[in-house]
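Given next are the chains, with one letter for each unit.
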Amino acid sequence: MSASARASVWRDLIRKPFFWGIVAIVALLALNVLKDPTYLAISINPNNGNLVGNLVDILRQAAPIMMIAVGMSLVIATGGIDLSVGSLMAVAGAVSMEFLAAADDSGSVGVALSAVGLALLVTAILGAVNGILVAYVGLQPFIATLVLMLAGRGIAKVITGGQNTAASSDPFRWIANGFVIGIPVVFILAVLIVLVVAWVVRRSALGLMIEAIGINPRASRMAGIKPKGLLLTTYVLSGILAGIAGVMSVGSVMTVDISRTGYQLELDAILAVVIGGASLAGGKFSLSGAFVGALLIATLDKTVLFLGVSSSATPAFKAIVIVAICLLQSERVRSWFQRRKKAQTPAPRVEIVKEAAA
């Protein structure tokens, strides 16, 4: 490959928003390595043959964020937003834990699958409520989902009687804590779900129709697209993915904490979507970018704990990193630096060589 071709590939790469997310992940990992050179070491647990290490922990922690980030990407692409995903995670955890606690044989695979199915059904219904309020009632997405954001934890408290419910189920726990060929099951499931959703929305006209609604709902309706049905579908899908994230979260400890499960994760999901290059104005989304954004959020959370940043300074630390990434993604900021670089580069001197007269 010629030098000009390599330069062109590099320019195209740095214009992709998720590229700077990857750069930030590498920078955070390098920062951790400076403190502990063995930070990236991965070992094999001799008792079960599973991989253990900080990177494995990051992958496991990123899985729930990936789920809600994917759903948030589709909702934001329509020009909306879903603030209720964190509360829906708590509802899914409450439903599944209560079901397992009341089951006669909580250790069976069938009971565990029933608990997961019931949790996803409930969150799908709540997601449909969001969709109906936005698409058919005409409420603004911010207000409609804010209502369920506030009411969702109340619903979870009603389900559990206001208590943090614990249950015992090895198959259910395996979803969050199990391993396949040494890799966490929860991360494998998250990757498979992201690939399936990406294949559906990009290999069909669904993705284009979702983006069309976000760009101009009226024009999309005149083009034959039915925005109401698609809006309802995206909010239902967001609810289901939030339910999956809730199952992943409570499965790791087999306890639902109504006040903590999914707390403020809707903000992490929005950040992951923005880092991935989606436009909050709608009309554009990138599931691969949301995937990278979720990994970055998990890496950032792990770095905050590893570096011992105080809880009072944690929000400021995260904000600095996020702002830096957004500035690097900005085409205007990069253009400004390029102009500054050209202005500081001295002009080449032109030497006039006089030929000696013959």
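Everything discussed here concerns the structure shown above.
Residues numbered from 1 in each chain as written. Predicted model: local features only at pLDDT ≥ 70, side-chain atom pairs only at ≥ 80, totals over all residues. Heavy atoms only, no water.

### Observations concerning the overall build of the chain
In plain terms, the rule: We count a stretch as a helix when DSSP gives it H or I for four or more residues in a row; a strand needs E for two or more, and each element gets its number in order from the N terminus. Partly exposed describes any residue whose relative accessible area lies between the buried limit of under 20% and the exposed limit of over 50%, with all areas from a 1.4 Å probe on protein chains only and scaled to the type maximum. It only takes one pair of heavy atoms within 4.5 Å for two residues to be counted as in contact. In short, Shrake-Rupley with a 1.4 Å probe defines the accessible areas, and a residue's cover is counted only from the protein chains shown.
Secondary structure assignment for the chain yields 15 helices and four strands. Across the 358 residues that make up the chain, the buried fraction comes to 44%. Sequence separation of at least 24 residues holds for 76% of the intrachain contacts in the chain that already meet a minimum separation of 6. Accessible area for the chain stands at about 18,300 Å²; split by element, carbon and sulfur atoms hold 66% of it.

### Let's talk about the packing of helix α5 (residues 109–137) against helix α11 (residues 227–251)
Applicable threshold: Helix axes are fitted to C-alpha atoms over the stretch in contact, other axes to C-alpha atoms as well, and angles between N-to-C directions run from 0 to 180 degrees. We call a crossing left-handed when the near helix sits turned anticlockwise from the far one by less than a right angle, and right-handed when that turn is clockwise. Any residue that is not Ala, Val, Leu, Ile, Met, Phe, Trp, Tyr, Cys, Pro, Asp, Glu, Lys or Arg is counted as polar, Gly included; the first ten are nonpolar and the last four charged.
The N-to-C vectors of α5 and α11 enclose an angle of 145°; their axes lie 7 Å apart at closest approach. Like other packed secondary-structure pairs, α5 and α11 cross with a definite hand, here right-handed. Counted by class, the contact of α5 with α11 contains 16 nonpolar, seven polar and one charged residues.

### Examining the side chain of S96
Rules: Definition of a polar contact: a pair of N or O atoms within 3.5 Å, with one able to donate and the other able to accept a hydrogen when the atoms are protein atoms, and with sequence-neighbouring residues admitted only if both atoms are side-chain atoms.
Along the chain, S96 falls in helix α4 (residues 85–102). Using a relative accessible area of 0% as the deciding quantity, one classes S96 as buried. A distance of 3.0 Å separates a polar side-chain atom of S96 from the backbone oxygen of G93. Non-local contacts of S96, meaning those with residues more than four positions away in its chain, are made with A115, A119, F172 and V250.

### A look at the packing of aromatic side chains
Here the distance between the centres and the angle between the planes together describe a pair of aromatic rings. Our working definition: Each aromatic pair joins two rings of Phe, Tyr and Trp (for Trp, the six-membered one) with centres within 6.5 Å, and gets the label stacked for planes under 30 degrees apart, edge-to-face for over 60, and tilted for any other angle. We call a charge positioned over a ring when the NZ of a Lys or the CZ of an Arg lies within 6 Å of the ring centre and within 35 degrees of the ring normal.
Enumeration according to the criterion identifies two aromatic pairs in this entry. Consider the rings of F187 and F291, whose centres lie 6.4 Å apart with planes at 50°: the pair is tilted. Of the two residues, F187 is situated in helix α8 (residues 185–203) and F291 in helix α13 (residues 287–307); the sequence distance between them amounts to 104 residues. Residue classification places F291 among the partly exposed positions, given a relative accessible area of 22%. Seen from the ring of F306, K35 lies directly overhead, with NZ or CZ sitting 5.1 Å from the centre. Sitting over the ring of F285, R202 keeps its end group 4.2 Å from the ring centre.

### Thoughts on helix α7 (residues 170–177)
Test applied: Directions are taken from the helix axis to each C-beta atom, and the arc is the one they span.
Listed as buried for α7 are P171, F172, I175 and A176. Angularly, the buried residues of α7 cover 145° about the axis, an arc narrow enough to put them on a single face. Those residues of α7 that are buried lie in contact with α3 (54–77), α4, α5, α8 and α11.

### What about the pattern of salt bridges?
Should the charged atoms of two oppositely charged side chains come close, the side chains can pair. Note the following rule: Take a side-chain nitrogen of Lys or Arg and a carboxyl oxygen of Asp or Glu: if they are within 4 Å of each other, that pair is a salt bridge.
Summed over the entire model, instances satisfying the criterion amount to three salt bridges. Of the charged contacts, one joins D57 and R60 as a salt bridge, the two residues approaching to 3.5 Å between their closest N and O atoms. Highlighted residues: D57 and R60, both in helix α3, separated by three residues, approximately one helical turn. A residue is classified by how much of its surface remains accessible, and D57, at 30% relative accessible area, is partly exposed. For R60, a relative accessible area of 23% corresponds to the partly exposed category. For the salt bridge of K302 with D57, the shortest nitrogen-to-oxygen distance reads 3.4 Å. Taken together, the residues K302 in helix α13 and D57 in helix α3 connect sequence positions 245 residues apart. By sharing partners, the salt bridges in this structure join D57, R60 and K302 into a single network.

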